[in-house]
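Examination of the molecular architecture
Chain by chain, the residues:
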Amino acid sequence: MPKESKFKQSYRSTWESLPDFKGWLQPVPDNPSRAFCTICDKTLYAHRLSLLQHTCTVKHTRLAQRKFIESEKQKSDLIQTEVLAMDVVPGGGVDLNTFVQPDIDSSEDEAPNVYISTVSQPLPNSSDSPSIVEINNSPPISTHVLDTCRGLPVQNLQVSLYKLLDGRWTHISDCVTNPVGRCNEFISREDFKVGRYKLHYDVDRYFELRRQDSMYPFIEIVFDARSPTDHLHIPLIMSPYGYSTYRGS
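Per an unreviewed UniProt entry, the chain goes by hydroxyisourate hydrolase and derives from Homalodisca liturata. Note on the chain: under the UniProt heading Catalytic activity (unreviewed entry), the record states "5-hydroxyisourate + H2O = 5-hydroxy-2-oxo-4-ureido-2,5-dihydro-1H-imidazole-5-carboxylate + H(+)". Under the heading Subunit (unreviewed entry), UniProt records this for the chain: "Homotetramer."

Written as structure tokens, this is what we have:
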């Protein structure tokens, strides 16, 4: 009696919208028994359990983490480019819509064309200039969480902020990550003070809902705020059996 094939399941396009596979799973043309991982650049069996196991391999986890870091760096570089493209218009105004647009037909020795919007905002007098704290309206503390097994942001994860006061951790606030895995409503700029803070991530509940074993019931990241004008962005890159963090921008 001939031995039955181990992998009978065929590729299903509906898998591409599932949280475990979204963003990296693609079909293999003319081969319904195979699937393709865009992160690892690898062909896999189109078997759901096999694909789930692939998401937790060391190679997939590391490459997904690298892809996430590169994506964050590109976003940061784009913001810096947009800021550098701003220009000061005649009359003492700052044009927030100014950008530099190279002239494709011009030679390399010619200066690029510059488009300047007619809408500008006047610069305040030096005596009326706001302080640095008033200018900096960005949230003082924020975080971004990514599940490297899936290569996707972690949504609906509860994150709590604590501050060390008189030798004891004092609860400040709670926040839940949004659909892109971000959370920035921990503390207002007015209430933000220099000191030692801690972010507590309730990852046990996250993996429990996914029926996935994990090593860490929670993750805590302790960091120092040395200036009231700081913007401390704390990315968390996690998997069931490991995590890493760094200071973002």
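Next comes the rest of the account.
**Observations regarding helix 1 (residues 48-55)**
Within helix 1 the residues assigned to the buried category are Leu 51, His 54 and Thr 55. All buried residues of helix 1 lie within an arc of 100° about the axis, which places them on one face of the element.

**Things to note about the state of the cysteines**
By definition, a disulfide is the covalent link that joins the sulfur atoms of two cysteine residues. The final tally for this structure, using the stated rule, is one disulfide. The disulfide partner of Cys 175 is Cys 183, and the S-S distance across this bridge is 1.9 Å.

**Comments concerning the UniProt feature "binding site: substrate" (unreviewed entry) in the chain**
Summarizing the sequence annotation, UniProt attributes the feature "binding site: substrate" (unreviewed entry) to His 144, Arg 182 and Tyr 246 in the numbering used throughout. Positionally, Arg 182 belongs in strand 13 (residues 182-183). Along the polypeptide, Tyr 246 turns up in the segment after strand 17 (242-245).

**Here's the deal with the sheet that holds strand 15 (residues 219-225)**
The four strands are arranged 12-11-14-15 in an open sheet whose pairing can be described as antiparallel. Both outer strands of the open sheet, strand 12 (168-176) and strand 15, are each paired with one neighbouring strand and no more. On average, each strand axis in the sheet is inclined to that of its neighbour by 25°, with strand direction left out of account. Two elements, strand 14 (residues 195-201) and strand 15, share seven bridges in a ladder whose sense is antiparallel. Bridge pairing links Arg 196 to Asp 224 in strand 15.

What counts, and at which threshold
- Residues numbered from 1 in each chain as written.
- Predicted model: local features only at pLDDT ≥ 70, side-chain atom pairs only at ≥ 80, totals over all residues.
- Heavy atoms only, no water.
- UniProt positions renumbered as here; feature names shortened; annotations may be inferred.
- Buried < 20%, exposed > 50% of the residue type's maximum accessible area, 1.4 Å probe, protein only.
- Helix = DSSP H or I, 4+ residues; strand = E, 2+ residues; numbered from the N terminus.
- Arc of directions from axis to C-beta.
- Disulfide = S-S within 2.5 Å.
- Pairing = 2+ DSSP bridges.
- Axes fitted to C-alpha atoms, helices over the stretch in contact; angles between N-to-C directions.

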